[in-house]
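A closer look at the structure
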Amino acid sequence: MTTSTLPPPSPADAPPDRPPQRLKSGGSVVRKVSLRNLAAHKVRLALTVLSVVLGTAFIAGSFVFTDTLSHTFKGLLSDVGQGVDVQVTGQEDDSSGVPLADVDRIKTIDGVRAVQPVMSGQIVLIAADGKPTQSGGAPTEGLSYSPPAEQLGQPYEFTEGSPPTASGQIALNQGAMKLAKLQVGDHTKVLAPSTGTVDVTITGVYKTKTDTGGYIGALFAADQARSLFTDGKHIGTVYVAAQPGVSQDQLRARVAQQLPDMKVITGKQLQADTEKDINTALSFINYFLLAFGAIALLVGTFIIYNTFSMLVAQRLRELALLRAIGASRRQISRSVLLEAMLVGLTGSIIGIAAGVGLAYGLRSLLNSFNVGLPSGALQLTPRTIIVALLVGVLVTMFSAYTPARRAARTPPVAAMREEFASTGTSLRRRTAAAVGFGLLGAIALAFGGLAPSGGGAASLVGLGALAMIIAVLLGAPALSRPIVGAVGAVVARPFGAVGRLARTNAVRNPRRTAATAFALTLGLMLVTTIAVFGASAKHSINALVDNNVRADYVLTGPDAIGVPVQAGAVAEKVPGVASSLALSPLDVRINGKSSGGTAVDGPLAQLLPYKLISGRGELSGHNIMVSQTWAKDHKVGPGSSIAMVSSDKRSVTATVSGVYENNELLGPWLGSGDFGREVTPPQFEQNFVVLIKAQPGTNLATLRTNLENATDPFLVVKVQTAEEFKGSQADQINGLLGVLYGLLALAIVIAILGIINTLALSVVERRREIGMLRAVGIMRGQLRRTIYLESLLIAVFGAIVGVAMGLVFGPLFVHTLRDQGLGEISVPWGQAVLLLVLSAVVGVLAALWPAARAARTRPLEAIADL
Amino acid sequence: MNSIASTATGQNATPSASTSGHGVAARAVNVSKIYGAGDTQVSALDHVSVDFARAEFTAIMGPSGSGKSTLMHCLAGLDTVTEGSILIGDTDLTGLSDKKMTQLRRDRIGFVFQAFNLVPTLTALENITLPMDIAGHKVDEEWVRSVVTTLGLNDRLTHRPSELSGGQQQRVACARALASRPEIVFGDEPTGNLDSRSSSEVLNILRNSVTHLGQTVVIVTHDPRAASYADRVIFLADGQIVDELRAPTADSVLDRMKHLEEI
Ligand SMILES: Nc1ncnc2c1ncn2[C@@H]1O[C@H](COP(=O)(O)OP(=O)(O)OP(=O)(O)O)[C@@H](O)[C@H]1O
Ligand SMILES: [Mg+2]
């Protein structure tokens, strides 16, 4: 047989040893090709830029959101310490403060220019509609108004009306007026925890920097502030200003010398302390947002990397052609990098803008759920821009460079002849590393689970979780085959050949599948972990209430002030009430350390049965009962004497009468109501809850009406059955979960967009194959179904891994906090299944556009040249 | 075995008489195909009329750019014509909906392309039965087995395309084209990427399917030796049929090609 007329494989025509220098303006030609190429594949280009936009938008969005939150919180306290040279307070935070006599003494100290007593306390402002004003997490406080002459910092600037001059008058900040929908001259009510409701008239409106946060500040005339917020003998805080020429330190020394029992600090110190307090208070949210930022970085990086790997794989032939005509490796690398830089830069800039939009949308979303975050102007800091730009550009360049280097190494002929099965190198090493991390993680998780409850255990579990995440990140490609195979066997089987195509497509490139699914995995892992927390918290509270509370009705009030003391007293006298039990906080110092117990006013055993371990259940006089753990920690038992110091510095000796089994509702130790009143200054008195037991035979509905009528003047008191009480506690938990879910929604939106992007690119990549399928007779609808199923399988794979991790981490975390009120682990199976189903739906939705694109592929593209 | 195996000499000296007898498998009537518009307008086919008889092996030849692929694509329902009409059996392709056209390709036409014939994620066997699986038709196991055996693919069925040589891939593609017993099999340079031995194998398979099973086959080729396997050779130039040869040999084809170039 003659072979001479068979055409030789054409690419070999190019002599391999042709020197690169032959290409005179090689660099610019390569660049020209590179730029032309970008323009020629518009969809591909758009998708590439989009991946960078997504990645950087997620990063910028979470940073903007974080910064805005912390800026708003800081803004709330930014004026603290303005004009103050020295601050005098009681030695401890919880003490009554500075005795009035000492305040007068300060005025006589040499070098003192002015003294401003600060009297403030938590209040509730009743809005125009008669309901408590919601400040959205920001403080609502009452303050004493100081006339400009006595005001040390910036004097109040009134925009309307005039300052309060007598009892029953208040001035409000502009934000509060808006929130409460009140006008100057309106009559309304204010609630203080110890005094109950106070009728007030609004005399004026003032300006404050902190307005944006939802802050409410009611200014009272000094006399009324004193009666509302002090015990009449002490002032909580006294600000002092120095005369010109006297330094803060000098003045501090003089005041401290005169008042040795007081805590005296300089204004500078005050500002530093406040700053530190804010940071501590924000640390939880900061950690969370930092973790969120880290996720943003990771997910963003993944999306970009994934996209570029695909892109360069698609361009292997083109790069090989350039190599074949003599472009050097360096030229290729440089051109790819230049291209990546342009794409990275463009994408990052759009991404930053999109990130601000995301943060805005997220905030609106959270606000519409009324989750109580203060709102302020969006903060776009230089750091956000720099980080987003750096990540966008560097990750893009890195992502482009790694596969491009591989492309440059590929022998030109090989790259041009073969359609590259871009499966890359073996997964073995990667999987081995995953197993290593997995083992480490499992060990840390096991130790965390076995360790005694508390922060140490939680950290161990956290560490274990981190190792597990890395393990999954590395091991996901190896996991994808069995999991997608198993899911596919169930889900795709009914679809026959289409199902088989989808299933094999989904694991065609395990690395890509894993990388595409990873964002969803991470998001759903967090969602599931949090869901386990929420369910466990609700379950724990329910169990607590069910097992302990024997009340017919539970009275509650707003968190800040609880049930006003008088409301409890009034409720007790309502006809049909057999007994009532008020629980209130007890704050004393034991051995110099502050210790919080619970004062129980009423027949404890009837309404909140507890289990006595030893001693007697007696709480009269100075008898207290302590919990098992507390007894062990403090090495006390029945008969022990405990020396306590009240917040107004009086010594009390308590005697332990009995030890009870740990009980979350009761806390570490108990005193009687009288004991509570003895050690608590009246302005600090408040009740957490009041439990009501009906007389036998009383009509409960009537009793409820009577209770509601009796407590109505206090406006904020809610009358609930134990069931309703559980429900409202659950609502609170749900509210908190809502915030977290809202944040995670951002991660999941990005995950979905990432899936869309990868799918669309892989549809472009498989153009020939799809064309061939069309040629041999696959229907458009079948093709679409194939892509839907493929996407569904990838999404469900990601979801299964994420939910599984959450189902391991969540219960373990809850377990480590078993002594912090999370005694019951509850796994929301229904929710977990729902997440899987939703992710399947999301998978299909993500495939809509890529599938439509695929269906438009003409059969001839199977044979078209690239 | 009554299948496509047997005397694999490749040279079949008994071409069926003409378009009559068995009837027409495919027909192009006055077909024109114009790409683009205005100045850049290209007339790829210029009023071409041609019949392809049942159970006949036809090769289409001609210089590069003469419109061979275009003609084949139009015949195979992969592309539409600008003017004229195409018939597969009695079905006029003009104005068929995408769905009907897809169905027709799936059930009545087989393809062997020059490359990229196979779905890389499916095994050889899955690729072979793909059109039937997609259609939801029951696969005729016995028939597929005999095709596979004849094509020598028995021990390659579970391999993926990346694990097969180019020749093996083309044989799998042939198997796919034959497995659903289509009315007509088209191949656009099916041996263009193969060495002489592999291309002989592929051509033998096609030849035998015509001789022994009455399959209709139309291929485009540049190779006179490949054309010599056919019963009839059609020569295209500038979008028009300029010549035709029956019972070709490699030499007579080469001769005719030289002759055409001189014109
Ligand atoms: N999609 C298209 N758009 C514009 N012109 C086209 C297109 N496809 C083919 N042509 C033109 O139609 C003419 C015939 O092309 P065709 O591909 O049929 O040639 P061919 O005979 O198969 O050539 P070869 O032997 O090189 O494969 C050529 O001039 C070509 O440039
Ligand atoms: Mg051609």
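As a reminder, the structure under discussion sits directly above these lines.
Residues numbered from 1 in each chain as written. Chains lettered and ligands numbered in written order. Predicted model: local features only at pLDDT ≥ 70, side-chain atom pairs only at ≥ 80, totals over all residues. Heavy atoms only, no water.

**Some remarks on the overall build of chain A**
Scanning chain A for helices and strands turns up 23 helices and 24 strands. Put simply, chain A shows about 37,500 Å² of open surface, and 59% of that area lies on carbon and sulfur atoms. (Helix = DSSP H or I, 4+ residues; strand = E, 2+ residues; numbered from the N terminus. Areas by Shrake-Rupley, 256 points an atom, 1.4 Å probe, with all protein chains shown as cover.)

**A look at the pairing of strand S8 (residues 169–173) of chain A**
On a regular strand, one side chain projects to one face of the sheet and the next to the other, so that they alternate. Residue and element names in this part refer to chain A. Of all five residues in S8, four are buried; the element is thus mostly enclosed. Pairing between S8 and strand S10 (residues 196–207): five bridges, direction parallel. For alanine 171, the partnering residue across the bridge sits in S10 and is glycine 204. As defined by bridge partners, S8 adjoins strand S11 (residues 216–220) across three bridges and the pair is classed as antiparallel. Residue pairing across strands places alanine 171 opposite leucine 219, the latter belonging to S11. (Buried < 20%, exposed > 50% of the residue type's maximum accessible area, 1.4 Å probe, protein only. Pairing = 2+ DSSP bridges.)

**Describing the packing of aromatic side chains**
Following the criterion strictly, the structure yields eight aromatic pairs over all chains and no others. Between Phe111(B) and Phe113(B) the ring centres are 5.3 Å apart and the planes differ by 25 degrees, which places this aromatic pair in the stacked class. Exposure remark for Phe113(B): the relative accessible area of 2% places this residue in the buried category. Three or more aromatic residues link up through ring pairs in this structure, and these residues are Tyr145(A), Tyr156(A), Phe158(A) and Tyr206(A). Lying over the aromatic face of Phe63(A), Arg383(A) brings its terminal NZ or CZ to 4.6 Å of the ring centre. Over the aromatic face of Trp143(B) sits the side chain of Arg181(B), whose NZ or CZ is 4.5 Å from the ring centroid. (Phe/Tyr/Trp six-rings, centres within 6.5 Å; stacked < 30°, edge-to-face > 60°. Lys NZ or Arg CZ within 6 Å of the ring centre and 35° of its normal.)

**Quick look at the site of ligand 1**
All names here are of chain B. Ser64, Gly65, Lys68, Ser69 and Thr70 are the nearest of the 13 residues found near ligand 1. At 3.2 Å from an oxygen atom of ligand 1 is found a main-chain nitrogen or oxygen belonging to serine 66. Side-chain polar atom of threonine 70 to an oxygen atom of ligand 1: 2.5 Å apart, as the coordinates give it. In isolation ligand 1 exposes 630 Å². Once the protein is present, 59% of that is buried. The set of elements that each furnish at least two residues to the shell around ligand 1 consists of strand S2 (42–53) and helix H1 (68–75). No other element matches the three residues that H1 contributes to the shell around ligand 1. Broken down by class, the residue content of the shell around ligand 1 amounts to four nonpolar, seven polar and two charged. (Near = heavy atom within 4 Å. Polar contact = N/O pair within 3.5 Å; in protein donor to acceptor, adjacent residues only side chain to side chain. Nonpolar A, V, L, I, M, F, W, Y, C, P; charged D, E, K, R; others polar.)

**A short note on the packing of helix H14 (residues 510–548) of chain A against helix H22 (residues 780–816) of chain A**
Contact pair H14(A) / H22(A): the axes reach a minimum separation of 6 Å and the direction vectors enclose 35 degrees. For the pair H14(A) and H22(A), the sense of crossing is right-handed. (Axes fitted to C-alpha atoms, helices over the stretch in contact; angles between N-to-C directions. Left-handed = near helix turned anticlockwise from the far one by under 90°.)

**Focus on the environment of Gly65(B)**
Here Gly65(B) is to be found in the loop between strand S3 (57–61) and H1. Separated by 172 residues in sequence, Gly65(B) and Ala237(B) place their C-alpha atoms 8.2 Å apart.

**So, a nonpolar patch on the surface**
Residue and element names in this part refer to chain A. Nonpolar side chains collect at one region of the surface, where Val833, Val837, Val841, Leu845 and Leu848 lie side by side and expose about 430 Å² of accessible area between them. Within the secondary structure, leucine 848 sits in helix H23 (residues 829–856). Its relative accessible area of 41% is what places leucine 848 among the partly exposed residues. (Patch = residues over 30% accessible without salt bridge, like charges linked within 9 Å, V, L, I, M, F, W, Y side chains within 5 Å. Salt bridge = Lys/Arg side-chain N within 4 Å of Asp/Glu carboxyl O.)

**Let's talk about the interface of chain A and chain B**
At the interface, 29 residues of chain A touch 34 residues of chain B. Both sides together, the interface formed by chain A and chain B hides about 2,900 Å², and carbon and sulfur atoms give 66% of it. The interface formed by chain A and chain B includes four salt bridges. Note that Arg500(A) and Asp133(B) form a salt bridge whose closest N and O atoms lie 2.6 Å from each other. The interface formed by chain A and chain B contains seven residue pairs in polar contact (both at pLDDT 80 or more). Counting only elements with at least two residues in the side of chain A that touches chain B, the list comes to helix H13 (496–506), helix H21 (767–775) and H22 of chain A. In terms of residues, the side of chain A that touches chain B owes the most to one element, H21(A), which gives six residues. Residues that form the side of chain A that touches chain B fall into these classes: 14 nonpolar, seven polar and eight charged. (Contact = heavy atoms within 4.5 Å. Buried area = accessible area lost by both parts, 1.4 Å probe.)

**Some points on the pattern of salt bridges**
Residue and element names in this part refer to chain B. In this structure the tally under the stated criterion is 33 salt bridges over all chains. Glutamate 201 is the salt-bridge partner of arginine 197, the closest N and O atoms lying 3.9 Å from each other. Placement of both arginine 197 and glutamate 201 in helix H7 (residues 196–213) is noted, with a separation of four residues, approximately one turn of the helix. Overlapping salt bridges bring together Glu56, Arg232, Glu244 and Arg246 as one network.

**Brief notes about the nonpolar core**
Ranked by internal contacts, the top residues of the largest apolar core, which has 139 residues, are Phe58(A), Phe809(A) and Phe186(B). With 16 residues, H22(A) is the single largest residue contributor to this core. Excluding its chain neighbours within four sequence positions, the residues that come into contact with Phe809(A) are Leu445(A), Ala465(A), Met468(A), Ile469(A), Met525(A) and Thr529(A). Ranked by size, the runner-up nonpolar core spans 41 residues in total, among them Met61(B), Leu194(B), Val210(B) and Val253(B). (Core = buried A, V, L, I, M, F, W, Y, C linked by side-chain atoms within 4.5 Å.)

**Details of the sheet that holds strand S5 (residues 91–92) of chain B**
Residues and elements named next belong to chain B. The four strands are arranged S2-S1-S4-S5 in an open sheet whose pairing can be described as antiparallel. Strands with a single pairing partner mark the edges of an open sheet, and in this sheet they are S2 and S5. Here strand S1 (residues 24–35) runs beside S2; their pairing, made up of eight bridges, is antiparallel. Following the sheet pairing, alanine 28 is matched in S2 by valine 50.

**Considering the sheet that holds strand S8 (residues 216–220) of chain B**
Residue and element names in this part refer to chain B. Spatially, S6-S7-S8-S3-S9-S10 is the arrangement adopted by the six strands of the open sheet, whose pairing is mixed. At either margin of the open sheet sits one strand with a lone partner, and together these are strand S6 (109–112) and strand S10 (240–246). Direction aside, the axes of adjacent strands within the sheet are offset by 20 degrees on average. Where strand S7 (residues 184–188) and S8 come together, five bridges link them in parallel fashion. By the bridge assignment for S8, aspartate 188 is matched with valine 220. Each of S3, strand S9 (232–237) and S10 touches helix H9 (residues 250–262); the most contacted strand, S10, lies at about 155 degrees to it.

**Quick look at the packing of helix H6 (residues 166–179) of chain B against H7(B)**
A pair of packed helices is captured by two measures, namely the crossing angle of their axes and the spacing between those axes. Residue and element names in this part refer to chain B. Two numbers describe how H6 lies on H7: the axes approach to 9 Å, and their chain directions differ by 15 degrees. Judged by the inter-axis angle, H6 sits roughly parallel to H7. Crossing of H6 over H7 shows right-handed handedness. Only Ser198, Glu201, Val202, Ile205, Leu206 and Ser209 of H7 make contact with H6, whose side of the interface consists of Gly167, Gln170, Arg171, Cys174 and Leu178. (Parallel < 35°, antiparallel > 145°, perpendicular 65-115°, else oblique.)

**What to know about the side chain of Asn687(A)**
If you trace the backbone, Asn687(A) turns up in the loop between helix H18 (673–679) and strand S23 (689–694). Sequence-distant contacts of Asn687(A), that is, excluding residues within four places in its chain, are made with Ile561(A), Gly562(A), Val563(A), Pro564(A), Val565(A), Ala582(A), Leu583(A) and Ser584(A).

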